[in-house]
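Understanding the architecture of this molecule
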Amino acid sequence: MDIRAIGMGLLFALIWSSAFTSARIIVADAPPLAISALRFLLAGLIGVAIARMLGQSWHLTRTQWRAVLIFGLCQNALYLGLNFMAMTTIEASLASIIASTMPLIVALLGWVALGEKLSRLAALGLVVGFGGVVLIMAGRLGEGVDLFGLILCIIAASALAIATLTVRNASSGGNVLMIVGLQMFVGSAVLFVASFLLETWVFNWNPIMLSAFAYTILIPGLFATWIWFSLVGRIGAVKAATFHFLNPFFGVAIAALILGEALRLTDIIGVAVICAGILAVQLSKQSNTA
């Protein structure tokens, strides 16, 4: 892993983690599914336009179209859409902590559903990582955290884990930005239908909300997703996923800094434990592929 890859990974983790804080700001003034659908529509238009200007084609391979559909549904509609819904009732720091367990869920599902072998280090990482989650949840549940929002976050993280297991070669064959843009349209279409059926469209457009909305579209939405696909293409999915161990730390720190969310002792200890568990799982994968 060279210096450029390390820089890309650190930047991805920082940006990806910041999206929970910006989402928390947005959903205070807009219905979560509707604003998510609008976000993906605009991000898709921008992404595809830039991809075309760069000479990328929308004549994708069968594998790439499969990635567009699966990631559009699982990552955009389910993972991000449900997280936006959840953050109408729970804190951004908690949502980011649950979302950060995605590599642990990937390893667990790979073992349970696909029969992938777990090394001792990976098994230890799973136990430690989920132990950190239990520690944080025990503290939060005692303070009356919204269970429905919590369940939405768990479903969202599981959906992204399933997408990650199903589509592992999305960046092969080029046209990375085009793939990113097209999957946004899939998520947008699904969420527009869901919003039409479930929500009342009342928006409170104001400078803070609009700034957070623009940031979420351009930076976590397009830029971070492009970094991720590019990083996977550069060093492979196993090594790239190692950077997810930073997400709990960044997510909690950004929410505390910008939103003033409280930092509990159990949160700090739990985040450290989760980070250690994720790192152990990812290091075990690297040793298996070495």
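Overview of the structure. (Residues numbered from 1 in each chain as written. Predicted model: local features only at pLDDT ≥ 70, side-chain atom pairs only at ≥ 80, totals over all residues. Heavy atoms only, no water.)

If you tally the helices and strands in the protein, you get twelve helices and zero strands. Taking 290 residues into account, the globule formula puts the C-alpha radius of gyration at 19 Å, and the protein, at 18 Å, falls close to it. Dimensions of the protein, computed from C-alpha atoms along their principal axes, come out at roughly 45 × 45 × 35 Å. Each of the 290 residues in the protein was classed as buried or not, and the buried ones make up 53%. Across the protein, the fraction of contacts at a sequence separation of at least 24, relative to all contacts at a separation of at least 6, is 91%. Within the structure as shown, the protein displays about 12700 Å² of accessible surface, and the carbon and sulfur contribution to it stands at 72%. When the 14 positive and 9 negative side-chain charges of the protein are each reduced to one mean point, those points stand 18 Å apart. (Helix = DSSP H or I, 4+ residues; strand = E, 2+ residues; numbered from the N terminus. Rg over C-alpha atoms; globule rule 2.2 N^0.38 Å. Buried < 20%, exposed > 50% of the residue type's maximum accessible area, 1.4 Å probe, protein only. Contact = heavy atoms within 4.5 Å. Areas by Shrake-Rupley, 256 points an atom, 1.4 Å probe, with all protein chains shown as cover. Lys, Arg positive; Asp, Glu negative; His and termini not counted. Charge placed at Lys NZ, Arg CZ, Asp CG, Glu CD.)

The element helix 4 (residues 92-99) is extensively covered by neighbouring structure, given that eight of its eight residues are classed as buried. Residues Ala92, Ser93, Leu94, Ala95, Ser96, Ile97, Ile98 and Ala99 constitute the buried set of helix 4.

Attention now goes to the packing of aromatic side chains. Inspection of every chain in the model, using the stated rule, returns eight aromatic pairs. Between Phe203 and Trp205, the aromatic rings sit 5.2 Å apart at their centres with planes inclined by 5 degrees, giving stacked as the arrangement. Residue classification places Phe203 among the partly exposed residues on the basis of a relative accessible area of 28%. Residue Trp205 is classed as partly exposed on the basis of its relative accessible area of 42%. A ring pair is formed by Phe249 and Phe250, whose centres lie 5.5 Å apart and whose planes are at 50 degrees; its orientation type is tilted. Residue classification places Phe249 among the partly exposed residues on the basis of a relative accessible area of 48%. Put simply, the rings of Phe12, Trp16, Tyr79 and Trp228 pair up and form one aromatic cluster. (Phe/Tyr/Trp six-rings, centres within 6.5 Å; stacked < 30°, edge-to-face > 60°.)

Attention now moves to the layout of surface pockets. Left-over empty space is what a probe sized like a water molecule reveals as it rolls over the atoms. The volume enclosed by the second largest pocket comes to roughly 160 Å³. The set of elements that each furnish at least two residues to the lining of the second largest pocket consists of helix 6 (120-141) and helix 7 (147-166). Residue composition of the lining of the second largest pocket, by class: eight nonpolar, one polar and no charged. (1 Å grid on protein atoms, 1.4 Å probe; cavity = no way out; pocket = protein on both sides within 12 Å on 5 of 7 lines; lining within 4 Å. Points joined across faces, edges and corners; volume = space filled by probe spheres on them. Nonpolar A, V, L, I, M, F, W, Y, C, P; charged D, E, K, R; others polar.)

Let us now look at the pattern of salt bridges. Inspection of the entire model under this criterion finds two salt bridges. In this structure, the salt-bridge partner of Asp267 is Arg264, at a minimum N-O distance of 3.2 Å. By relative accessible area, Arg264 is classed as buried at 17%. Put simply, Glu91, Arg264 and Asp267 are held in one network by salt bridges that share partners. (Salt bridge = Lys/Arg side-chain N within 4 Å of Asp/Glu carboxyl O.)

Let us look at a nonpolar patch on the surface. Side chains of Ile46, Ile50, Met53, Leu54 and Leu218 sit close together on the surface and give an oily, nonpolar patch of about 490 Å² of accessible area. Sort the elements by how many residues they give to the nonpolar patch and helix 2 (residues 32-53) lands first, with three residues. Relative to the elements of secondary structure, Leu218 occurs in helix 9 (residues 207-235). (Patch = residues over 30% accessible without salt bridge, like charges linked within 9 Å, V, L, I, M, F, W, Y side chains within 5 Å.)

Tyr79 and Leu94 are the most contacted members of the largest nonpolar core, which totals 85 residues. Of all the elements, helix 9 adds the most residues to this core, at twelve residues. Residue contacts for Tyr79: discarding those within four places in its chain leaves Trp16, Phe20, Cys74, Ala99, Ala156, Ala157 and Leu160. In this structure, Ala67, Ile70, Phe71 and Ala163 belong to the second largest nonpolar core, which totals five residues. (Core = buried A, V, L, I, M, F, W, Y, C linked by side-chain atoms within 4.5 Å.)

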